[in-house]
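Here's the letter readout for the chains.
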Amino acid sequence: MGAVYRLAMREDASRLYDIRRRSILELAPPTMPKAEAKAWATKLTPSGMERKLRELEIWVAELDGIVVGWGAIQGDTLEGLYAAPEFAGQGVGAGLLGMLEGLMRDREFPSVHAEASSNARDFYLRRGYRASGPQTPEGAWPIAKELLA
Ligand SMILES: CC(C)(COP(=O)(O)OP(=O)(O)OC[C@H]1O[C@@H](n2cnc3c(N)ncnc32)[C@H](O)[C@@H]1OP(=O)(O)O)[C@@H](O)C(=O)NCCC(=O)NCCS
């Protein structure tokens, strides 16, 4: 997959908001109950997306100049990963994840931490993550992956 990665800009806010919302609504079910996906999707407002852009390091993946996914990191923590549903299953998510792990490895973080949603847990476990704690009250699964072998 020939994705190009770049840092997100403020002008990306509405596209990133839209990708997040649609990816959750369309890709999380049926593994995640529809109502749960809807509650998760609506937790973020457009202004919340703008705040994320200010507070997190957000990278986008582009295919032929189209933003097809994004991932956010803060220190050694993965704060979000989303693929546009019309590009799902084409390696956008895995490509972004590998790129973000590479950044954290270059910064010499020993491991990466995240809270996987129930629908995405197996996606991470197949990519070297392990459970690192009990399910959170919000239903997420703490996971971690060692970066420095
Ligand atoms: C998790 C997510 C980012 C993965 O993105 P993606 O670009 O579809 O991921 P990839 O193409 O790299 O891999 C998807 C996996 O699903 C499989 N798949 C096949 N067809 C698929 C389809 N139509 N839709 C989704 N996944 C598909 C792929 O083969 C791959 O399987 P693998 O894990 O055995 O390799 C994406 O599903 C998403 O945005 N989900 C909603 C938001 C979410 O849950 N984010 C994670 C929060 S912790």
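Structure: see above.
Residues numbered from 1 in each chain as written. Predicted model: local features only at pLDDT ≥ 70, side-chain atom pairs only at ≥ 80, totals over all residues. Heavy atoms only, no water.

Caption draft 1: Quick look at the pairing of strand E7 (residues 141-146). When strand E5 (residues 111-116) meets E7, the two strands line up antiparallel, connected through six bridges. Across the sheet, the residue bridging to Ala116 is Trp141, located in E7. Sheet topology note: the strand E6 (residues 130-131)/E7 ladder contains two bridges and is antiparallel. When the bridges of E7 are listed, Ala131 appears paired with Ile143. (Pairing = 2+ DSSP bridges. Helix = DSSP H or I, 4+ residues; strand = E, 2+ residues; numbered from the N terminus.)

Caption draft 2: Just unusual backbone geometry, in detail. Of note, the amide linkage connecting Pro29 to Pro30 takes the cis form, showing an omega dihedral of 5°. Summarising the element assignment, Pro30 is placed in the loop between helix H1 (13-27) and helix H2 (34-41). One non-glycine residue, Asp64, lies in positive phi territory at about 50°. Among the secondary structure elements, Asp64 is positioned in the loop between strand E2 (57-63) and strand E3 (66-74).

Caption draft 3: Examining the packing of H1 against helix H3 (residues 46-55) more closely. Where H1 contacts H3, the two axes come as close as 9 Å, and the packing angle between them is 110°. As summarised for this structure, H1 and H3 are arranged roughly perpendicular, according to the angle between their axes. Classified by chirality, the crossing of H3 by H1 is right-handed. Every residue of H3 that contacts H1 at Ala13, Leu16 and Tyr17 is listed here: Pro46, Met49, Glu50 and Leu53. In terms of residue class, the contact of H1 with H3 is made up of six nonpolar, no polar and one charged. (Axes fitted to C-alpha atoms, helices over the stretch in contact; angles between N-to-C directions. Parallel < 35°, antiparallel > 145°, perpendicular 65-115°, else oblique. Left-handed = near helix turned anticlockwise from the far one by under 90°. Contact = heavy atoms within 4.5 Å. Nonpolar A, V, L, I, M, F, W, Y, C, P; charged D, E, K, R; others polar.)

Caption draft 4: Structural detail: the site of the ligand. Around the ligand, 22 residues are found, and the nearest of them are Leu81, Gly91, Gly93, Arg126 and Arg127. At a separation of 2.7 Å, an oxygen atom of the ligand approaches a polar backbone atom of Gly91. Alone, the ligand offers 920 Å² of accessible surface; in the complex the protein occludes 70% of this. Listing elements by their share of the shell around the ligand, those giving two or more residues are H1, strand E4 (77-83), helix H4 (92-106), E5 and helix H5 (121-125). (Near = heavy atom within 4 Å. Polar contact = N/O pair within 3.5 Å; in protein donor to acceptor, adjacent residues only side chain to side chain. Areas by Shrake-Rupley, 256 points an atom, 1.4 Å probe, with all protein chains shown as cover.)

Caption draft 5: Broad picture of the environment of Tyr5. Along the chain, Tyr5 falls in strand E1 (residues 4-7). For Tyr5, a relative accessible area of 27% gives the class partly exposed. Sequence-wise, Tyr5 and Gly89 are 84 residues apart; in three dimensions their C-alpha atoms are separated by 18 Å. Beyond its immediate chain neighbours, meaning those up to four positions away, Tyr5 contacts Trp59, Val60, Ala61, Gly95, Leu96 and Met99. Side-chain polar atoms of Tyr5 contact the backbone oxygen of Gly95, separated by 3.3 Å. (Buried < 20%, exposed > 50% of the residue type's maximum accessible area, 1.4 Å probe, protein only.)

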